[in-house]
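Reading the structure
Next come the chains, spelled out residue by residue.
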Amino acid sequence: MSAMSRNKGKRGEAELSTLLAATGLPYLREQDGRLQGADFRVDQFAIEARYRERLEIPAWCAELELKTPDHLVPVLAWRKNKHPWRVSMTFADWLELVRAGRA
């Protein structure tokens, strides 16, 4: 990975950290992603940030799902230049969120 790609990734993580901080939700920013398998932890969610132009969402999701412990829900946060942040997760995990919100 080139230095330019690493720097863009770091900027993306910093940007997502700023967005999370603005929500007021407590979160943990993992410096190397080793503890829980992702860049951030918000409640039961393990969030991996990807700031790239060439999207490889299925591969990124598969990688995150493999390294996320079973007690956490893997969430991929991603964006391209000049686009908003988006998230990807399994339909089953999304459905659980919807059901929990209706309870």
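Residues numbered from 1 in each chain as written. Predicted model: local features only at pLDDT ≥ 70, side-chain atom pairs only at ≥ 80, totals over all residues. Heavy atoms only, no water.

**What to know about the sheet that holds strand β1 (residues 28–29)**
As a general point, the strands of a sheet are linked pairwise by backbone hydrogen bonds and lie either parallel or antiparallel. With respect to topology, five strands assemble into an open sheet ordered β1-β2-β3-β4-β5, the strand pairing being mixed. If you trace the sheet from one side to the other, it starts and ends with β1 and β5 (86–88), each paired once. Here β1 runs beside strand β2 (residues 40–42); their pairing, made up of two bridges, is antiparallel. Bridge assignment links Leu28 to a residue of β2, and that residue is Arg41. (Pairing = 2+ DSSP bridges. Helix = DSSP H or I, 4+ residues; strand = E, 2+ residues; numbered from the N terminus.)

**Digging into helix α3 (residues 91–102)**
Helix length check: α3, at 12 residues, gives a terminal C-alpha distance of 17 Å against a target of 16 Å (1.5 Å per residue), a fit within 8%. Summarising burial for α3: one of the 12 residues are buried, a small minority. (Expected span 1.5 Å × (residues − 1). Buried < 20%, exposed > 50% of the residue type's maximum accessible area, 1.4 Å probe, protein only.)

**Side note on the confidence of the model for the chain**
Detailed reading of the predicted coordinates is not advisable wherever pLDDT is low. For the chain, the average pLDDT comes to 90, and 92% of its residues sit at 70 or higher. At the level of individual helices and strands, the chain shows its lowest average pLDDT in helix α1 (residues 3–23), which scores 87, and its highest in β5, which scores 98. (pLDDT = per-residue confidence, 0-100.)

**Here's the deal with the layout of surface pockets**
Taken as a whole, the second largest pocket encloses approximately 240 Å³ of empty space. Along its surface, the second largest pocket is lined by 13 residues, and Leu20, Val42, Ile47, Val75 and Val87 are the ones closest to its centre. Elements represented by at least two residues in the lining of the second largest pocket include exactly α1, β3 (45–51), β4 (73–79) and β5. Here the lining of the second largest pocket takes four residues from α1, the largest share from any one element. (1 Å grid on protein atoms, 1.4 Å probe; cavity = no way out; pocket = protein on both sides within 12 Å on 5 of 7 lines; lining within 4 Å. Points joined across faces, edges and corners; volume = space filled by probe spheres on them.)

**Some points on the packing of aromatic side chains**
All chains considered together, the criterion is met by three aromatic pairs. Seen from their ring centres, Tyr51 and Trp85 are 6.4 Å apart, and the 50° between their planes marks the pair as tilted. With Tyr51 in strand β3 and Trp85 in the loop between β4 and β5, this residue pair connects regions lying 34 residues apart in the sequence. Tyr51 gets classed as buried once you look at its relative accessible area, which sits at 10%. Plain terms: the ring middles of Phe91 and Trp94 are 5.4 Å apart, the flat faces sit at 35° to each other, and that makes the pair tilted. Of this pair, Phe91 and Trp94 are both found in helix α3, three residues apart, which corresponds to roughly one turn of the helix. Overall, Trp94 belongs to the partly exposed group, its relative accessible area being 41%. (Phe/Tyr/Trp six-rings, centres within 6.5 Å; stacked < 30°, edge-to-face > 60°.)

**Focus on empty space enclosed by the protein**
Rolling a probe over the atoms, with the probe sized like a water molecule, indicates the empty space that remains. Applying the stated criterion to the full structure yields one cavity of 30 Å³ or more. The volume enclosed by the largest cavity comes to roughly 40 Å³. If you go around the largest cavity, the residues you meet are Cys61, Leu64, Glu65, Pro74, Val75, Leu76, Ser88, Met89 and Thr90. Of all the secondary structure elements, the ones that give two or more residues to the lining of the largest cavity are α2 (57–67) and β4. Each residue belonging to the lining of the largest cavity can be placed in one class, and the counts come to six nonpolar, two polar and one charged. (Nonpolar A, V, L, I, M, F, W, Y, C, P; charged D, E, K, R; others polar.)

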